[in-house]
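One-letter residues, chain by chain:
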Amino acid sequence: MIGAIIGDIVGSRFEFGAAPQEGFELFTPDCSYTDDTICTVAIADAVLNGRDYQESLLDWCRRYPDPMGAYGSRFEQWIHSEHPHPMNSFGNGSAMRVSPIGWLFDEWEDVIEEAKKSAAVSHNHPEGIKGAQCIAETICWLRLMRFSKPDVEKKVRKFFGYELPPMRDILKIGSEGHFDGTCQETVPMALRCFMDANSFEETIRLAVLCDGDTDTKACIAGSVAEAYYQVPEWMINKAVDYLPEDMLGILGQFYERIKDSCGPQRK
Ligand SMILES: [Mg+2]
């Protein structure tokens, strides 16, 4: 969960800002948490406290109605609708918020089912659901099954049909100003960043350097990397300084719950 939040905060200032340059500073006063963090906290709160996914998402998003980078326009309508209905969306929002499910459930059937439920309240297009399921399941494969990166790539292809594009292609289309906003694009791109990096920090850096939807790519890549690498303590300390009390409360509850669970493979 903190891996997702760090990715979101580090990527936030590049989503609609100047293109990131090699060696960029990770945490600056221009960074903030965005919708990725708010929605991730909402999903964690739902599972931890037995809340309905929709009710929790609406509560948190209405509590934070104006985050940096804003909500996507259709999701914004959903948040403020009197009777919100799923939007048949395949936006990457379902995958960016799902990571707590990969930690809070240990049986793959539960992970797949809960990821689907967490997505379906708003992102009920098959691709929206698949994106969430793939990221939650990948987290489980890494932390519980201890699959290697090449095995994860094979399984992602076999079970979810995603071909992970080569890094040079992702960097190229990002540098041409392309903005990835769908699960079909962002999920395989974020997974490639994780595959090609050699540390948690490098995963986040690569995802941001790909430009486009920087905060969400880094959020998803960071959420997966947390299941494989130990997240550096200093990065956690920097990130929590950006978060309000109520989010820190859920974060504390989350790590208390998973403290005896299988953690990351590598230091
Ligand atoms: Mg965002």
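Worth saying up front: this structure is predicted, and the values here are computed from it rather than measured.

Draft legend 1. View of the coordination of the magnesium ion. In the first shell of the magnesium ion, the protein supplies Thr34 (OG1), Asp35 (OD), Asp36 (OD) and Asp215 (OD), at 2.0 to 2.4 Å from the metal. Spacing between the donor residues of the magnesium ion along their common chain follows T-D-D-x178-D. Here Asp35 is found in helix α2 (residues 35-48), whereas its partner Asp215 is found in helix α13 (residues 214-225), with 180 residues between them in sequence. Since its relative accessible area comes to 11%, Asp35 is described here as buried. Its relative accessible area of 0% is what places Asp215 among the buried residues.

Draft legend 2. Main features of α2. The first and last C-alpha atoms of α2 sit 20 Å apart over 14 residues, in line with the 20 Å expected at 1.5 Å per residue. Summarising burial for α2: 14 of the 14 residues are buried, a large majority. Residue Gly50 follows α2 closely and has a positive phi angle near 65°.

Draft legend 3. Quick peek at the packing of aromatic side chains. Taken as a whole, this structure holds 15 aromatic pairs when the rule is applied. Ring geometry for Tyr71 and Phe75: centres 5.9 Å apart, planes at 50°, overall tilted. Note on Tyr71: relative accessible area 6%, which makes it buried. One aromatic cluster is present, formed by Trp141, Phe147, Phe159 and Phe160 through successive ring pairs. Over the ring of Tyr162 we find Lys130; its NZ or CZ atom is 4.5 Å from the centre of that ring. Between the NZ or CZ atom of Arg205 and the centre of the ring of Phe24, over which it lies, the distance is 4.9 Å.

What counts, and where the lines are drawn
Residues numbered from 1 in each chain as written. Predicted model: local features only at pLDDT ≥ 70, side-chain atom pairs only at ≥ 80, totals over all residues. Heavy atoms only, no water. Donors = N, O, S within 2.8 Å, 3.2 Å for Na, K, Ca; no water. Helix = DSSP H or I, 4+ residues; strand = E, 2+ residues; numbered from the N terminus. Buried < 20%, exposed > 50% of the residue type's maximum accessible area, 1.4 Å probe, protein only. Expected span 1.5 Å × (residues − 1). Phe/Tyr/Trp six-rings, centres within 6.5 Å; stacked < 30°, edge-to-face > 60°. Lys NZ or Arg CZ within 6 Å of the ring centre and 35° of its normal.

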